[in-house]
Amino acid sequence: MLANHPDRDQIQLANVLAALGNPVRLRILATLADGAEHTCGSILPGMAKSTLTHHWRVLRDAGVIRQIIAGREHHLSLRHEDLEARFPGLLPALLAAAGGEGIASPPAP
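Residues numbered from 1 in each chain as written. Predicted model: local features only at pLDDT ≥ 70, side-chain atom pairs only at ≥ 80, totals over all residues. Heavy atoms only, no water.

*Asks:* What's the story with the pairing of strand β2 (residues 65-70) in this structure? I'm lost.
*Replies:* The side chains of a regular strand alternate between both faces of the sheet. In this sheet, strand β3 (residues 73-78) lies alongside β2 in antiparallel orientation, the contact comprising 6 bridges. The residue of β3 that forms the bridge with R66 is S77. (Pairing = 2+ DSSP bridges. Helix = DSSP H or I, 4+ residues; strand = E, 2+ residues; numbered from the N terminus.)

This is the structure:
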């Protein structure tokens with residue numbers, strides 16, 4: 001796992017909202033809301049790698065996503081449980097406001 005994943009109690013609402021104030025990162029949130037783990041290159045194909053890296057860093061540092069290295073690939077997943085514990089109802093509200101239909105339940109451990 002990469003560094004800079006804040007612990008659950010360190011996730012700050014202002015950082016989450018700032019990270020998700022960008023339309024591209026809001027699209028990433030909507031994609032990850034299915035509860036599955038996605039490879040970095042599968043979410044926004046065609047976008048420059050440096051741009052994607054920037055978006056992943058902002059979301060990871062804010063505590064919105066978890067980024068795990070698996071061989072040569074990086075896998076992303078939404079930190080649904082952590083965000084719901086810190087800010088109940090925030091994710092469904094953000095997705096509804098962005099035109100999403102809601103989020104899937106987190107995968108079973």
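Picking up where we left off.
*Asks:* It is not clear to me how helix α4 (residues 49-62) should be interpreted in this structure. Could you clarify?
*Replies:* Because an α-helix packs 3.6 residues into every turn, residues spaced three or four apart end up facing the same way. Between its first and last C-alpha atoms α4 spans 20 Å; for 14 residues at 1.5 Å apiece the expected length is 20 Å, and the two agree. Along α4, the residues classified as buried are L52, H55, W56, V58, L59, R60 and A62. Looking at the buried side of α4, the elements it contacts are α1 (13-19), α2 (23-32), α3 (40-43), β2 and β3. In the segment just after α4, G63 is the residue with positive phi, at about 90°. (Expected span 1.5 Å × (residues − 1). Buried < 20%, exposed > 50% of the residue type's maximum accessible area, 1.4 Å probe, protein only. Contact = heavy atoms within 4.5 Å.)

*Asks:* In this structure, what is going on with the pattern of salt bridges? I would like to understand it.
*Replies:* Oppositely charged side chains may form a pair once their charged atoms are brought near each other. Enumeration according to the criterion identifies 4 salt bridges in this entry. D61 is the salt-bridge partner of R57, the closest N and O atoms lying 3.7 Å from each other. Here R57 pairs with D61, and both are found in helix α4, just 4 residues apart, close to one helical turn. Between R66 and D82 there is a salt bridge, with its nearest N and O atoms 3.5 Å apart. Here D82 lies in helix α5 (residues 80-86) and R66 lies in strand β2, a separation of 16 residues in the sequence. (Salt bridge = Lys/Arg side-chain N within 4 Å of Asp/Glu carboxyl O.)

*Asks:* Even after reading the chapter, I still don't get the confidence of the model for the chain, so can you show me in this structure?
*Replies:* Parts of the model with low pLDDT should not have their predicted coordinates read in detail. Of the residues in the chain, 88% reach a pLDDT of 70 or more, and the chain-wide mean stands at 87. Taken as a whole, residues 101-109 scores under 50 in pLDDT and shows 15 contacts with residues more than four places along the chain or in a different chain. (pLDDT = per-residue confidence, 0-100.)

*Asks:* Would you explain the environment of Q12 in this entry?
*Replies:* Mapped onto the elements of the fold, Q12 is located in the segment before α1. Excluding anything up to four places from it in sequence, Q12 contacts R86 and F87.

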